[in-house]
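# Structure at a glance
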Amino acid sequence: RVVTMSVSHSSKLNKLVREQYMRLPQDGLVQVTYVWIDGSGEGVRCKSRTLEKEPKSIEDVPEWNFDGSSTAQAEGSNSDMFLVPVRMFRDPFCLDPNKLVLCEVLKYNRKPAETNLRHTCKKVMDLVKDSHPWFGMEQEYTLLGINGHPYGWPDNGFPGPQGPYYCGVGADKVYGRDIVESHYKACLYAGVKICGTNAEVMPSQWEFQVGPCEGIEMGDHLWMARFILHRVCEDFGVVATLDPKPMTGNWNGAGCHTNYSTEEMRKEGGLKHIEAAIEKLSKRHNYHICVYDPRGGRDNSRRLTGHHETSNIFEFSAGVANRGASIRIPRQVGQDGFGYFEDRRPAANCDPYAVTEAIMRTTVLNETGVETKDYADH
């Protein structure tokens, strides 16, 4: 039967007309798109300005501002927010010499906005820099039509049960590969440290991986990869959702599995340091669950059920090659005696700054309990 694909109106505009204008010379001027996280802690916003010459470093990009009352970050009576550039990428949509610039958001008093979790993450990463923490995050997402229905699913029903879709090939097994491959190329062009992609267990669900990244770089690169994903989907007229459980029932949810190691874990005999870190994590499970999604664990409670390759949200567990555990030690790491481990608890819509900061606080700074230390005066 015929399935109608629900795509946005703007995606149906004639893209060849747009290309005519995109080829026009810029006469040395540069378009810079500022990207930031909005008041939801999940959404990204952007706006662009012209610079008179190509910025060679982040220091060449000036601060800017925006109306925080329109992004749930300020009141209308005092709405100006500062955009502070922190990392620069090539622009895969407008091409060289144009730039994408990730920004931190500061309030009128120069204090970080509530959803600016990069600020404290940077402090923690500076404190632990001698441990050289490496991260790799596996971002799962689901493609939806503009009507909110999974892209490619029957209008009034469901596809066949899970099984043939994971890493699948064929028109009856995967939906939207054009989007996935366009996103991959765009990230490579931009300089985002994307390292792989694959179709996931639920049809219309995909994953890309970013890393290895050291310290604060992890959050910067994943957020820019997310921005590029949403921007690519906009061109195709579909929506990428990071909801941890977009479809109820016998369907896999979406996580953001976080692979992590310190320098001592990566050396000969590192397994004992991996096991020591897992022991620390086991005693702080509730704290981590609270920061592994934007709603204090409520989003993850729909996903971490103990089914569909997840652990139970109320219990901490660890095991070699166990995808039903909170923490998985890859089989190769168990055999080699060194390497990394995977925290499978973070939700797809987690803030990577919050996740990586929490892991460092627990495993390197040896914090315990649900309270965090303020290192601002140290």
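Residues numbered from 1 in each chain as written. Predicted model: local features only at pLDDT ≥ 70, side-chain atom pairs only at ≥ 80, totals over all residues. Heavy atoms only, no water.

With that settled, consider the domain arrangement of the chain. Along its sequence, the chain is organised into domain 1 (9–115) and domain 2 (125–364). A separation of 26 Å is found between the C-alpha centroids of domain 1 and domain 2. Contact with domain 1, which involves 21 residues of that partner, is made by 25 residues of domain 2. Carbon and sulfur atoms make up 66% of the surface buried where domain 1 meets domain 2, a total of about 2,000 Å² over both sides. Three residues, Glu-42, Phe-89 and Phe-93, lead the burial of domain 1 against domain 2; their summed loss comes to 31% of the area buried on that side. Our count for the contact surface shared by domain 1 and domain 2 stands at two salt bridges. Residue Arg-295 pairs with Glu-42 through a salt bridge whose shortest N-O separation is 2.8 Å. Applying the counting rule to domain 1 against domain 2 returns six residue pairs in polar contact (both at pLDDT 80 or more). The residue inventory of the side of domain 1 that touches domain 2, partitioned by class, reads eleven nonpolar, three polar and seven charged. (Domains from an automatic or database assignment. Contact = heavy atoms within 4.5 Å. Buried area = accessible area lost by both parts, 1.4 Å probe. Salt bridge = Lys/Arg side-chain N within 4 Å of Asp/Glu carboxyl O. Polar contact = N/O pair within 3.5 Å; in protein donor to acceptor, adjacent residues only side chain to side chain. Nonpolar A, V, L, I, M, F, W, Y, C, P; charged D, E, K, R; others polar.)

By way of backbone hydrogen bonds, the strands of a sheet pair with one another, either parallel or antiparallel. The five strands are arranged S2-S1-S5-S4-S3 in an open sheet whose pairing can be described as mixed. The open sheet has two edge strands, strand S2 (44–51) and strand S3 (64–67), and neither has a second partner. Averaged over all pairs of adjacent strands, the angle between their axes in this sheet comes to 40°, without regard to strand direction. (Pairing = 2+ DSSP bridges. Helix = DSSP H or I, 4+ residues; strand = E, 2+ residues; numbered from the N terminus. Axes fitted to C-alpha atoms, helices over the stretch in contact; angles between N-to-C directions.)

Another point: the nonpolar core. Core analysis: the biggest nonpolar cluster contains 70 residues, and Tyr-141, Leu-143, Met-224, Ile-228 and Phe-341 have the highest contact counts within it. Among the elements that take part in this core, helix H4 (residues 217–236) stands out by supplying ten residues, more than any other. Other than its neighbours up to four places away in sequence, Tyr-141 contacts Val-180, Ser-204, Gln-205, Trp-206, Glu-207, Phe-208, Leu-229, Ala-240, Thr-241 and Leu-242. Counting residues in hydrophobic clusters, the runner-up holds 15 residues, among them Val-30, Trp-64, Met-81 and Val-105. (Core = buried A, V, L, I, M, F, W, Y, C linked by side-chain atoms within 4.5 Å. Buried < 20%, exposed > 50% of the residue type's maximum accessible area, 1.4 Å probe, protein only.)

Quick look at helix H3 (residues 177–190) now. Taking 1.5 Å per residue, 14 residues should reach 20 Å; H3 reaches 20 Å between its end C-alpha atoms and fits that length. Elements that come into contact with the buried residues of H3 comprise strand S4 (80–90), strand S6 (134–144), strand S7 (194–199), strand S8 (205–214) and H4. Just downstream of H3 lies Gly-191, where phi reads positive at about 95°. (Expected span 1.5 Å × (residues − 1).)

This next bit is on the environment of Gly-297. Along the chain, Gly-297 falls in the loop between helix H6 (285–291) and helix H7 (298–301). Sequence separation between Gly-297 and Pro-346 is 49 residues; the distance between their C-alpha atoms is 9.5 Å. Setting aside residues no more than four positions away along its own chain, Gly-297 makes contact with Ile-289, Cys-290 and Ile-313.

Now for the packing of aromatic side chains. According to the stated counting rule, one finds eight aromatic pairs in the structure shown. Centroid distance Phe-158 to Trp-251: 6.3 Å. Interplanar angle 25°. Geometry classified as stacked. A residue pair is termed long-range when its members are at least 10 positions apart, and Phe-158 in the loop between S6 and H3 and Trp-251 in the loop between strand S9 (239–241) and strand S10 (256–261) qualify at 93 residues. The exposed category is assigned to Phe-158, whose relative accessible area is 57%. Sitting over the ring of Trp-223, Arg-226 keeps its end group 4.7 Å from the ring centre. Sitting above the plane of the Phe-93 ring, Arg-231 keeps its charged end 4.4 Å from the centroid. (Phe/Tyr/Trp six-rings, centres within 6.5 Å; stacked < 30°, edge-to-face > 60°. Lys NZ or Arg CZ within 6 Å of the ring centre and 35° of its normal.)

With that out of the way, let us pick up the pairing of S6. Within a regular beta strand, the side chains point alternately toward one face of the sheet and then the other, so they alternate between its two faces. Burial runs high along S6: ten of the eleven residues are buried. One ladder, built from eight bridges, connects S6 with S8; its direction is antiparallel. Opposite Glu-140, over in S8, you have Glu-207 as the bridge partner. Where S6 meets S9, three bridges bridge the pair, whose relative direction is antiparallel. Following the sheet pairing, Thr-142 is matched in S9 by Thr-241.

With that settled, consider helix H9 (residues 352–363). Relative to the 16 Å expected for twelve residues at 1.5 Å per residue, H9 spans 16 Å between its end C-alpha atoms, a close match to the ideal helical length. Summarising burial for H9: twelve of the twelve residues are buried, a large majority. Taken residue by residue, H9 has Pro-352, Tyr-353, Ala-354, Val-355, Thr-356, Glu-357, Ala-358, Ile-359, Met-360, Arg-361, Thr-362 and Thr-363 as its buried positions. For H9, the N-terminal cap is Asp-351; the gap from its side-chain oxygen to the backbone nitrogen of Tyr-353 is 2.9 Å.

By the secondary structure assignment, Lys-15 is in helix H1 (residues 15–22). Using a relative accessible area of 35% as the deciding quantity, one classes Lys-15 as partly exposed. A sequence separation of 220 residues divides Lys-15 from Asp-235, and the C-alpha atoms of the two residues are 9.2 Å apart. Look past the residues within four positions of Lys-15 in its chain and what remains in contact with it is Ser-10 and Asp-235. From its side chain, Lys-15 meets the backbone oxygen of Ser-10 in a polar contact 3.4 Å long.

So, on to the pattern of salt bridges. A full pass over the atoms with the stated rule returns 25 salt bridges. Residues Asp-220 and Arg-87 are paired through a salt bridge, measuring 2.7 Å at the closest nitrogen-oxygen approach. Here Arg-87 lies in strand S4 and Asp-220 lies in helix H4, a separation of 133 residues in the sequence. For Arg-87, a relative accessible area of 22% gives the class partly exposed.

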